[in-house]
Amino acid sequence: DELRALWVQQALKYLGVPYKRGAAPREGQEVGEIARRHKRLYLDCCALVRACVRDLRSAFGFEIGPWNQCYMFDTLPVKLEE
(Lines give C-alpha, C1' and ligand atoms only; values in the text may rest on other atoms or scores of the structure.)
Protein backbone atom coordinates (compact mmCIF):
# COMPACT_ATOMS: atom_id res chain seq x y z
CA ASP A 1 0.00 0.00 0.00
CA GLU A 2 2.89 2.37 0.76
CA LEU A 3 4.46 1.86 -2.68
CA ARG A 4 1.09 2.32 -4.35
CA ALA A 5 0.55 5.62 -2.50
CA LEU A 6 4.04 6.76 -3.49
CA TRP A 7 3.29 5.98 -7.15
CA VAL A 8 0.01 7.92 -7.05
CA GLN A 9 1.78 10.91 -5.45
CA GLN A 10 4.38 10.81 -8.22
CA ALA A 11 1.75 10.55 -10.96
CA LEU A 12 -0.07 13.59 -9.57
CA LYS A 13 3.09 15.64 -10.13
CA TYR A 14 2.45 15.15 -13.87
CA LEU A 15 -1.07 16.56 -13.62
CA GLY A 16 -1.58 19.01 -16.47
CA VAL A 17 1.10 17.57 -18.75
CA PRO A 18 -0.59 17.35 -22.16
CA TYR A 19 -1.16 14.12 -24.05
CA LYS A 20 0.26 15.41 -27.31
CA ARG A 21 2.86 17.87 -28.53
CA GLY A 22 1.65 21.45 -28.74
CA ALA A 23 -1.29 20.93 -26.39
CA ALA A 24 -1.60 22.82 -23.13
CA PRO A 25 -3.54 22.41 -19.92
CA ARG A 26 -7.04 23.88 -19.96
CA GLU A 27 -7.49 27.30 -18.41
CA GLY A 28 -7.94 26.90 -14.67
CA GLN A 29 -6.75 23.28 -14.68
CA GLU A 30 -4.71 22.19 -11.70
CA VAL A 31 -1.09 21.58 -12.69
CA GLY A 32 1.48 19.42 -10.90
CA GLU A 33 5.06 20.42 -10.18
CA ILE A 34 6.56 18.52 -13.13
CA ALA A 35 4.12 20.15 -15.56
CA ARG A 36 5.09 23.57 -14.19
CA ARG A 37 8.82 22.91 -14.61
CA HIS A 38 8.73 21.23 -18.03
CA LYS A 39 6.52 23.30 -20.32
CA ARG A 40 7.41 21.31 -23.48
CA LEU A 41 6.77 17.89 -21.96
CA TYR A 42 3.91 15.76 -23.26
CA LEU A 43 3.06 12.17 -22.36
CA ASP A 44 0.67 9.53 -23.60
CA CYS A 45 -0.68 7.00 -21.10
CA CYS A 46 2.22 4.54 -21.50
CA ALA A 47 4.81 7.30 -21.22
CA LEU A 48 3.17 8.53 -18.01
CA VAL A 49 3.38 5.09 -16.42
CA ARG A 50 6.97 4.69 -17.63
CA ALA A 51 7.96 8.15 -16.31
CA CYS A 52 6.52 7.45 -12.87
CA VAL A 53 8.18 4.04 -12.61
CA ARG A 54 11.50 5.53 -13.72
CA ASP A 55 11.18 8.35 -11.19
CA LEU A 56 10.63 5.75 -8.46
CA ARG A 57 13.12 3.13 -9.68
CA SER A 58 14.89 2.99 -6.31
CA ALA A 59 11.59 2.36 -4.52
CA PHE A 60 10.55 -0.30 -7.04
CA GLY A 61 13.98 -1.92 -7.11
CA PHE A 62 14.26 -2.08 -10.90
CA GLU A 63 14.51 0.16 -13.95
CA ILE A 64 12.37 -0.18 -17.05
CA GLY A 65 13.37 0.14 -20.70
CA PRO A 66 12.50 2.96 -23.09
CA TRP A 67 9.97 1.23 -25.31
CA ASN A 68 6.23 1.61 -25.31
CA GLN A 69 4.51 -0.74 -22.86
CA CYS A 70 7.88 -2.19 -21.85
CA TYR A 71 6.85 -1.73 -18.22
CA MET A 72 4.39 -4.63 -18.58
CA PHE A 73 7.21 -7.06 -19.31
CA ASP A 74 9.64 -5.56 -16.82
CA THR A 75 7.18 -5.94 -13.96
CA LEU A 76 6.18 -9.54 -14.71
CA PRO A 77 8.06 -12.53 -13.29
CA VAL A 78 10.76 -13.99 -15.53
CA LYS A 79 9.23 -17.46 -15.23
CA LEU A 80 5.56 -18.15 -14.75
CA GLU A 81 4.67 -20.83 -12.27
CA GLU A 82 1.96 -23.31 -13.16
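Residues numbered from 1 in each chain as written. Predicted model: local features only at pLDDT ≥ 70, side-chain atom pairs only at ≥ 80, totals over all residues. Heavy atoms only, no water.

Visitor: I'd like a description of the overall build of the chain, backed by residues and values.
Guide: A tally of helices and strands in the chain yields 5 helices and 0 strands. Each helix (α) and strand (β) of the chain, taken in turn from the N terminus, gives the series α-α-α-α-α. Residue burial in the chain is summarised as follows: out of 82 residues, 26% are buried. Looking at the chain alone, contacts between residues at least 24 apart form 39% of all its contacts between residues at least 6 apart. (Helix = DSSP H or I, 4+ residues; strand = E, 2+ residues; numbered from the N terminus. Buried < 20%, exposed > 50% of the residue type's maximum accessible area, 1.4 Å probe, protein only. Contact = heavy atoms within 4.5 Å.)

Visitor: Account for helix α3 (residues 45-55), with residues named and values stated.
Guide: Within the sequence span of α3, burial applies to C46, A47, R50, A51, C52 and V53. Capping the start of α3, D44 holds a side-chain oxygen 2.8 Å from the backbone nitrogen of A47, two or three residues further along. (Polar contact = N/O pair within 3.5 Å; in protein donor to acceptor, adjacent residues only side chain to side chain.)

Visitor: Go over the nonpolar core with me, naming the residues and quoting the values.
Guide: Among the nonpolar cores identified, the biggest contains 9 residues, and these are A11, Y14, V17, I34, A35, L43, A47, A51 and C52. Those elements giving two or more residues to this core turn out to be α2 (33-37) and α3. Discounting chain neighbours no more than four positions away, the residues touching V17 are A35, L41, Y42 and L43. (Core = buried A, V, L, I, M, F, W, Y, C linked by side-chain atoms within 4.5 Å.)

Visitor: Tell me about the packing of aromatic side chains, and name the residues and values.
Guide: The final tally for this structure, using the stated rule, is 1 aromatic pair. Relative to F62, the ring of F60 lies with its centre 5.7 Å away and its plane at 55°, an arrangement referred to as tilted. For F60, a relative accessible area of 25% corresponds to the partly exposed category. (Phe/Tyr/Trp six-rings, centres within 6.5 Å; stacked < 30°, edge-to-face > 60°.)

Visitor: Report on the environment of R57, specifying residues and quantitative values.
Guide: Residue placement: R57 occurs in helix α4 (residues 57-60). Setting aside residues no more than four positions away along its own chain, R57 makes contact with F62 and E63.

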